[in-house]
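# Structural description and commentary
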Amino acid sequence: MTRCFEKEENLNSKYARLFFRNIKVDVYNNQKIETIKQEGYWFYAKDVIRNQNIPCSFQIPAAVYLKIGAIVMLVRNINVEEGLCNGTIGTVILIESNAVWVMMNKKEVKIECVKEEILDCSHAVVGSRFGLPLKLAFSFTVHKAQGSTMNKAVVQFNSKAFINSLYYVSLSRVCNINDIFIIVNNQFDLRTLFKSITVDSDVLEFYKKYM
């Protein structure tokens, strides 16, 4: 409860924001990139859809608007050995016509357009997209942050999670309780929300048996 804040004006704007829904993420990211006083550039992907009857859900965005200084996230594995995998976060340092240079893992990395394919049950290609495997990451969903360890995180609890387990996921992204900041309308709402968090029965049995 000591990590509960009703307003975020006094919180560092560089801390990553976690939301439960993509629409909230998009709104925040668009607001943040407009605060950067640099020229912006659009990168548009090219799609080839071979079967109109099968919907294609691509990880690569259809379009992404970038500026130098923007926080971005990889949405495809580029070089796993170098740590350039889906979910890696970095800062844009240079923009070229067909590529973007990003500071990731303390290295300057050139990110170019890649091809993503969607396969049907027979492994035939039904659609493909060729585009930049980056999206804005001033904020992202709790689901996307699952498995990540963050230095600081601001979690927006003003909107409800569609799965109760996401509350735990959001709170466990940092190693120290002082590094989590919960934005909520009031502490009464937060106490009520915490009561909805339950323990999976299978997990509970595992702990009773082996721990």
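Nothing here was measured: the structure is a model prediction, and the numbers come from that model.

## As for the sheet that holds strand E14 (residues 153-156)
Strand order in the open sheet made by the 5 strands is E1-E15-E14-E2-E13, with parallel pairing throughout. The open sheet terminates on both sides in strands that have one partner only, identified here as strand E1 (4-5) and strand E13 (139-141).

## Focus on the environment of Arg21
With respect to the secondary-structure elements, Arg21 resides in the loop between strand E2 (16-19) and helix H1 (22-34). A relative accessible area of 39% means that Arg21 is categorised as partly exposed. Leave out the neighbours within four places in its chain, and Arg21 touches Thr141, Lys160 and Phe162.

## Concerning the pairing of strand E8 (residues 99-104)
Within a regular strand, the side chains alternate between the two sheet faces. The pairing of strand E7 (residues 89-95) with E8 spans 4 bridges and is classified as antiparallel. Paired with Thr91 across the two strands is Met103, which belongs to E8. A loop of 3 residues connects E7 with E8, the two strands running antiparallel in sequence. Between E8 and strand E9 (residues 107-112), which pair antiparallel and follow one another directly, the connecting turn spans 2 residues, one of which, Asn105, has a positive phi of 55 degrees.

## As for the UniProt feature "domain: DNA helicase Pif1-like 2B" (unreviewed entry) in the protein
According to UniProt, the "domain: DNA helicase Pif1-like 2B" (unreviewed entry) feature falls on residues 64-93. For residues 64-93, the end-to-end C-alpha separation is 16 Å, with 0% helix and 40% strand making up the annotated structure.

## A look at the side chain of Ser139
Within the secondary structure, Ser139 sits in strand E13. In terms of polar contacts, Ser139 uses its side chain to reach the backbone carbonyl oxygen of Val25, at 3.4 Å. If near-sequence neighbours (up to four positions away) are discounted, Ser139 is found in contact with Arg17, Phe19, Val25, Tyr28 and Asn29.

## As for the sheet that holds strand E6 (residues 71-74)
The sheet built from 5 strands is open, its strands ordered E9-E8-E7-E6-E12 with antiparallel pairing. In this open sheet, the two edge strands, each paired with only one partner strand, are E9 and strand E12 (134-136). For this sheet, the mean angle separating the axes of adjacent strands, direction not counted, is 45 degrees. For E6 and E12, the ladder comprises 3 bridges, and the chain directions are antiparallel. Along E12, the bridge assignment pairs Val72 with Leu136.

## Some details on unusual backbone geometry
Positive phi outside glycine occurs at Lys106, with the angle close to 65 degrees. Look at Lys106 and you get exposed, because its relative accessible area is 82%. At His123, a position not held by glycine, the phi torsion is positive, near 70 degrees. Within the element layout of this structure, His123 appears in the loop between strand E10 (114-119) and strand E11 (125-131). Under the relative-accessibility criterion, His123 is labelled exposed at 63%.

## Overview of the pattern of salt bridges
Evaluated as defined, the whole model comprises 7 salt bridges. Taking the shortest distance from any N to any O, the salt bridge between Arg76 and Glu116 comes out at 3.8 Å. Pair noted here: Arg76 is in the loop between E6 and E7 and Glu116 is in strand E10, with a separation of 40 residues, a long-range link. It is possible to trace a salt-bridge network through shared partners that takes in Glu96, Lys110 and Glu112.

## A short note on the side chain of Asp179
Relative to the helices and strands, Asp179 is located in the loop between helix H3 (165-171) and strand E15 (180-183). Overall, the relative accessible area of 16% leaves Asp179 in the buried class. Each residue touching Asp179, except ones within four places of it in the same chain, is listed here: Asn151, Lys152, Ala153 and Val174.

## A word on H1
For H1, with 13 residues, the first-to-last C-alpha span of 19 Å sits near the 18 Å given by 1.5 Å per residue. Next to the buried residues of H1 lie E2, strand E5 (63-66), E12 and E13.

## Structural notes on the environment of Ser128
Assignment of secondary structure puts Ser128 in strand E11. For the pair formed by Ser128 and Asn185, sequence separation is 57 residues and the distance between their alpha carbons is 43 Å.

Conventions adopted
Residues numbered from 1 in each chain as written. Predicted model: local features only at pLDDT ≥ 70, side-chain atom pairs only at ≥ 80, totals over all residues. Heavy atoms only, no water. Pairing = 2+ DSSP bridges. Helix = DSSP H or I, 4+ residues; strand = E, 2+ residues; numbered from the N terminus. Buried < 20%, exposed > 50% of the residue type's maximum accessible area, 1.4 Å probe, protein only. Contact = heavy atoms within 4.5 Å. UniProt positions renumbered as here; feature names shortened; annotations may be inferred. Polar contact = N/O pair within 3.5 Å; in protein donor to acceptor, adjacent residues only side chain to side chain. Axes fitted to C-alpha atoms, helices over the stretch in contact; angles between N-to-C directions. Salt bridge = Lys/Arg side-chain N within 4 Å of Asp/Glu carboxyl O. Expected span 1.5 Å × (residues − 1).

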